Number of protein chains: 4
Amino acid sequence: MSTIDNKELRVGMVGYAFMGAAHSQAWRTVNRAFDLPLRVRMAAVCGRDEAKVAEAADRLGWDGYVTDWRELIARDDIDVIDVCTPGDSHAEITIAALAAGKHVMCEKPLANNVAEAQAMVDAATAARESGIRTLCGFNYRRVPAAALMRQMIAAGRLGVIRHVRAVYLQDWITDPNFPLVWRLQQERAGSGALGDIGAHIIDLTQHITGQRITGVSALTETFVKERPIPTEMSGLAASSAADGQAYGQVTVDDAAVFTARLSGGAIATYEASRFAMGRKNGLRVEINGSLGSLVFDLERLNELEFYDATLPAAEQGFNRILVTEPEHPYLSAWWPPGHIIGYEHSFTHQARDFVQAVAEGTDPHPSFEEALGVQLVLDAVQRSAASGSTWTQVAQPQYAA
Amino acid sequence: MSTIDNKELRVGMVGYAFMGAAHSQAWRTVNRAFDLPLRVRMAAVCGRDEAKVAEAADRLGWDGYVTDWRELIARDDIDVIDVCTPGDSHAEITIAALAAGKHVMCEKPLANNVAEAQAMVDAATAARESGIRTLCGFNYRRVPAAALMRQMIAAGRLGVIRHVRAVYLQDWITDPNFPLVWRLQQERAGSGALGDIGAHIIDLTQHITGQRITGVSALTETFVKERPIPTEMSGLAASSAADGQAYGQVTVDDAAVFTARLSGGAIATYEASRFAMGRKNGLRVEINGSLGSLVFDLERLNELEFYDATLPAAEQGFNRILVTEPEHPYLSAWWPPGHIIGYEHSFTHQARDFVQAVAEGTDPHPSFEEALGVQLVLDAVQRSAASGSTWTQVAQPQYAA
Amino acid sequence: MSTIDNKELRVGMVGYAFMGAAHSQAWRTVNRAFDLPLRVRMAAVCGRDEAKVAEAADRLGWDGYVTDWRELIARDDIDVIDVCTPGDSHAEITIAALAAGKHVMCEKPLANNVAEAQAMVDAATAARESGIRTLCGFNYRRVPAAALMRQMIAAGRLGVIRHVRAVYLQDWITDPNFPLVWRLQQERAGSGALGDIGAHIIDLTQHITGQRITGVSALTETFVKERPIPTEMSGLAASSAADGQAYGQVTVDDAAVFTARLSGGAIATYEASRFAMGRKNGLRVEINGSLGSLVFDLERLNELEFYDATLPAAEQGFNRILVTEPEHPYLSAWWPPGHIIGYEHSFTHQARDFVQAVAEGTDPHPSFEEALGVQLVLDAVQRSAASGSTWTQVAQPQYAA
Amino acid sequence: MSTIDNKELRVGMVGYAFMGAAHSQAWRTVNRAFDLPLRVRMAAVCGRDEAKVAEAADRLGWDGYVTDWRELIARDDIDVIDVCTPGDSHAEITIAALAAGKHVMCEKPLANNVAEAQAMVDAATAARESGIRTLCGFNYRRVPAAALMRQMIAAGRLGVIRHVRAVYLQDWITDPNFPLVWRLQQERAGSGALGDIGAHIIDLTQHITGQRITGVSALTETFVKERPIPTEMSGLAASSAADGQAYGQVTVDDAAVFTARLSGGAIATYEASRFAMGRKNGLRVEINGSLGSLVFDLERLNELEFYDATLPAAEQGFNRILVTEPEHPYLSAWWPPGHIIGYEHSFTHQARDFVQAVAEGTDPHPSFEEALGVQLVLDAVQRSAASGSTWTQVAQPQYAA
């Protein structure tokens, strides 16, 4: 285990695509926005293609780069490994990093299946004995409006929760000629819309309600079953069209819908899709309770709608709270009221809480156990869908929400 | 069968509560707003309590009243029977009225179960031979924005439909002390939120997409299982609380959620609830297709959102169409653009189309067959919910959508 | 003066175009929706073209018709004259009707200029001695959300009012080939957008704030200065285009904007336009006070936004109140919560309050004095615009708001 | 003049409060998000209080700090001076920096009065001869939705512009006990809401329409005329309340409203206020043209509403464009569609365009001439307000918009 000297927290990141860019932004910014006991040093980024990773290191602000993640883990001038790779390498990298005494932040979903996730939990549990910290990157928990939802529900403002209604809708593969990228292959991504974006609404609703999904009945669909194989890809079984373009099987879901029950007695609907035309990053959660309701929409992430059924009858309504006040979670670090923040700020908030936890010697959230809980829901959804929507109980890991 | 003389269409209505008031409004208004071949005469209204029905007849504008629906049906100066009673009497009244040669408009859901609905279809089929017309009152089809949705989908503006997302949310029984009214008793209402409001979104989505629900997996819940018995009620098995207030079992669902597949390949989620705090008449339907999307919200029924994926990329968005132009369905009868209409107008439009069809000798929609189709979905939902959300095929009646 | 016998209030209406249709709807409906001490009888409608007025009487539900308004006034079986003609005949008809002892409801604006309006006030004042009632039809006061605004402000929910921001935007004459109808001629209409729709926001903001506009600085514009003369029109000075189509001068404003001060210390902006593309009936009023704000939009007339600055800081926001609860003004007469009403209902509410006032022997609002107040603002706006936006004091009639 | 070596652009910033933090963020981020020919070095920040500026330099990411802006200007390792001080020092610092051969980015409004602004223009004009670049920081031009507005109008999508409707509403001084900060003193700030936020909507509307305000009629108000003097302030004439708290005069406007004419024939209303309760950063601009309309709201800055009157009549509406597509201005540098950006990104975009212009040897926008144009409007507004809202022509500087 590295010793954190000099008030520095030295980070090594694996992967530098979309998530790598978002995380880099967070590491660069976190000490500018927040007063923290440790200063982040962006030590090195890792990628297999040397030219590309060198360019990325320079552009994203890393001190250096390596081309083998094992090398990154072996360095003793690195305290944290930030795993931003596709899901099929999460377990291997994370478990190795923990064994090397590194704190780990790992992107979501935790793994591509329950067995891998369980192995990661076991490794994190063992490492915790040595003061090693782990976090799974369900970053939307740190959108201020979502954090406020959790606060308000915990404070009893909704009373008994009756309904959860969650969708995460995108439309980026509606074109049947969109290519067969890694996110559309089961071996790489684990699942499709379900694990990529469905995992977010599973985690988010469990987090903000403080309840667990206990059972599901699910339906999944792959609308476009074959797609063009990108020329740089290989090793995929392919069919070939008249124009010479090779096509391969889409092996993940395009969309998943499921009904659910929550541990507190609520019933729920969930939907994740990449075929909802016009919905770009359409995560929307509505919670109805006996005293009120809350509605959140990620495309308007600075707003939260709150229906307060305890107000006088003539004045009840859906109150659009602009979540930019200093009283709101994380907001005192940013701009004056009404000056909105963006998607990327959720990563900065996540980095803040991670750095704070490491400095204080406490466990940050979402823990790997919580992330395993999400994985178990994903697994139940897939099993239900595979067996004609049969009601499927969700196994529950041990953790305090 | 009555002979329609003198260009008059003489209506007798059974029931004068919420639906009776809405229908009365429609019959009073239809010839004021629309130029029709027949003039409606509001001949008589029927109710069991003479004092109350006399008051209602006077207030709602009926020429007279009777206290026995059999008497209403027996009158030869009545051409149409309008059935606005609770669901448990729809079949008996309707079948008798058809046998007496009356045209029938019957409120939705058509019946309390499939057997009754089938019997009504059989009666309507027989009566059709004699030129007798029937319509089931799924009035939301005649909200102009909903009618426009159907037109646009039929014209191919959405391409291939991928997703249907429909909720009908209310909150009027969230208070556990709300009494055990007839809508909360299985014998009277057939089901709870499912048949009362879920039926509307089943019909509406089938109508606007031109597709059928082919299978479902459902979950229902009764959140408040006992409620105070209103003092005027009797004959219910009751338990008694410390304060002497008698309580009875709620025998219907408070909420129902289900996933579904449609005949054209789309997948869907449906939800009906009376416990969605803050949602008053929250019917919301979103349809996503390969070329665009449509979103409708009954609480803003003069608006329709249309995402047109064929526009230039930089100009695509959810276009809020204010459905008040003369080019929009039914609107040329009303006010200038921007002068909005209300909930009640859907009934006037329904009356218009009914009168027109009777005058022309054509069958109005929704036919009883279409309404039986809805009943079969309700039935499949209840069977699925009763058997652990098992996927349940929906039987299909014969009709042209 | 007629004696109101038999609990009937017999109405004669002059004019049967847009406003005539809206008023007819109100008279037909008012006793259906509200429990009132008098029953309205729609005795006769008046228009100059016999064929057209006969058709209108039949369609709109009047017992009969006449072709000379003097004849209408002379009838002793009529208690109320409802003036729905263009502004240039308001004064003559109203003053004659009052002299004949009729109650008068007169459409807005009260007159085409201050002198006429003053003469009408004088006539109303004299008639009041004999128990004759008068009302000027600023119907938007009776939109429930607007009535609720007034209630909330009167109850002090906004504290000291700082800002009034009012627009009434339409777009129906953006096409330069739209013909030179009467509303575009100064002699008939008095002014353009200013008097037609600007008058509404002047009245509405004075009514809901309980304050008066004390001074203005104004700017008016006529974007399209010549328009085609409709073939049925004559007597207008015309120029002639190459295609033989005769063109005439537009002699009213297309748009008017002005700043203002109110008697309670607020400052304000007002705008009325018929060239605001996409705004169909876009009356929008926002009031900011020291304790909160209110926002109303006529295209969503069932909603009212309320910002309550006395709530906890983290929960403040613009609360979208769906004004359909029984606790809201006029709503207990209509449908269950969430079942929205339309534009026309404001006229029904106006008729209700008029009938109630006549029955009780009290003066309904808006009084002619209040309407004269609006006329004086219109006059000040026109004078300011004619003199280079010079600040212009508004003369104040005597009345209690 | 410094020579830009080694592909570096070395920036020195004066002031480190709100604007300093926003600019620091932009300088830190610009090379991470955009591929630029020069790499920004954050050389030094300047402030008078050494302890505070040292802390700010460390927190905001500057290599060093100085306590005298003259020292900053004198350094030959600095290429750009970024002026983020209150308006009363803009002219002195900027003119000195230009004389020293530095490129200058100066916060808005350019100066506290026309004479200073003119002197700055003169200095910039002289410096331009030597290849020195200047920009005034009206950052909202670089909000992508605002940039898109300008593109669409320039492309003719709105046709002839008829109306401009612009408000910038805040509420941060509604509390009369809010202290007398520098922004409320005429000597420091020049004006109140007018220059602080009104300047933004003047610049933005002139920029997006490509037209100039040619005349105004204005009204200003100071609702709270005395405020508590913060203890650290001195040198202000003060009155003293019973509790010993000293009070001073507010010498700027709390709110300003004005009507205007634009060079292309449109008429306009403008409003700037710090007393609009509930509006936090409520910049809203609506433009109506003969072919369509555009609406922008800074509190939802990722969205743009577009009404396209050339669409089929039944499909026209206000289209909510989510301005997060790669086809939209600046967006290809950020996240996938639907992943929204925030307020701060406008500064990054401004920095990007400034760096690009310096590298290319072109003049960035807004030029000082354009900023002088805004100053001349502010001046006309103040003169009109001081003379009873008299119509006041706006002098026009020479520049190409």
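As named in an unreviewed UniProt entry, chain A is Oxidoreductase, taken from Catellatospora bangladeshensis.

Colleague: Would you take a moment to explain unusual backbone geometry for this structure?
Modeller: Leaving glycine out, the prevailing phi sign among residues is negative, and the prevailing peptide bond configuration is trans. Residue B:P109 is bonded to the preceding B:K108 through a cis peptide linkage, with omega at -15°. Inspection of the secondary structure puts B:P109 in the loop between β5 (103-107) and α5 (114-128). Residue D:P366 is bonded to the preceding D:H365 through a cis peptide linkage, with omega at 0°. Non-glycine residue A:Y330 carries a positive phi angle of around 70°. Mapping A:Y330 onto the fold places it in the loop between β17 (318-322) and α9 (345-360). A:Y330 sits in the buried class, given a relative accessible area of 18%.

Colleague: Explanation requested: helix α5 (residues 114-128) of chain D in the structure shown.
Modeller: Two residues of an α-helix separated by three or four positions point the same way, owing to the 3.6 residues in each turn. Residues and elements named next belong to chain D. Compared with an ideal rise of 1.5 Å per residue, which puts 15 residues at 21 Å, α5 spans 20 Å between its outermost C-alpha atoms and is within 8% of the ideal. For α5, the set of buried residues is A117, M120, V121, A123, A124 and A127. What you see down the axis of α5 is that its buried residues fit within an arc of 165°, all on one side. Here the buried face of α5 lies against α4 (90-99), β5 (103-107), β6 (134-137) and α10 (368-386).

Colleague: Help me understand the interface of chain A and chain B, please; the structure alone is not making it clear to me.
Modeller: Taken residue by residue, the interface counts 44 residues in chain A and 44 residues in chain B. Regarding the contact of chain A and chain B, the summed buried area is about 3,400 Å², with carbon and sulfur atoms giving 57% of it. Of all residues in chain A, the largest losses of buried area upon contact with chain B belong to A:R162, A:L219 and A:M277, amounting jointly to 18% of the total for that side. The partner of A:R165 in a salt bridge is B:E271, and the shortest N-O contact between them spans 2.6 Å. Applying the counting criterion to the chain A and chain B interface returns 19 residue pairs in polar contact (both at pLDDT 80 or more). Mapped onto the side of chain A that touches chain B, the elements with two or more residues apiece are β7 (161-169), β8 (213-221), β12 (255-262), β13 (267-273), β14 (282-289) and β15 (292-297) of chain A.

Colleague: Would you mind going over the sheet that holds strand β2 (residues 39-46) of chain D with me for this structure?
Modeller: Residues and elements named next belong to chain D. The six strands lie next to each other as β3-β2-β1-β4-β5-β6, forming an open sheet whose pairing is parallel. Strands at the two margins of the open sheet, each flanked by one partner only, are β3 (64-66) and β6. Taken pair by pair, the neighbouring strands of this sheet meet at an average axis angle of 25°, ignoring direction. Pairing of β5 with β6 involves four bridges; the strand directions are parallel.

Colleague: Mind showing me how you'd approach the pairing of strand β16 (residues 303-308) of chain B here?
Modeller: The side chains of a regular strand alternate between both faces of the sheet. Residues and elements named next belong to chain B. Counted residue by residue, β16 has five buried out of six residues, so it is predominantly covered. Pairing of strand β15 (residues 292-297) with β16, which is carried by four bridges, proceeds in the antiparallel orientation. Across the sheet, residue V295 finds its bridge partner in β16, namely E305. Two successive antiparallel strands, β15 and β16, enclose a turn made up of five residues. When β16 meets strand β17 (residues 318-322), the two strands line up antiparallel, connected through five bridges. In the strand pairing of β17, E303 is matched with L322.

What counts and how
- Residues numbered from 1 in each chain as written.
- Chains lettered and ligands numbered in written order.
- Predicted model: local features only at pLDDT ≥ 70, side-chain atom pairs only at ≥ 80, totals over all residues.
- Heavy atoms only, no water.
- Helix = DSSP H or I, 4+ residues; strand = E, 2+ residues; numbered from the N terminus.
- Buried < 20%, exposed > 50% of the residue type's maximum accessible area, 1.4 Å probe, protein only.
- Expected span 1.5 Å × (residues − 1).
- Arc of directions from axis to C-beta.
- Contact = heavy atoms within 4.5 Å.
- Buried area = accessible area lost by both parts, 1.4 Å probe.
- Salt bridge = Lys/Arg side-chain N within 4 Å of Asp/Glu carboxyl O.
- Polar contact = N/O pair within 3.5 Å; in protein donor to acceptor, adjacent residues only side chain to side chain.
- Pairing = 2+ DSSP bridges.
- Axes fitted to C-alpha atoms, helices over the stretch in contact; angles between N-to-C directions.

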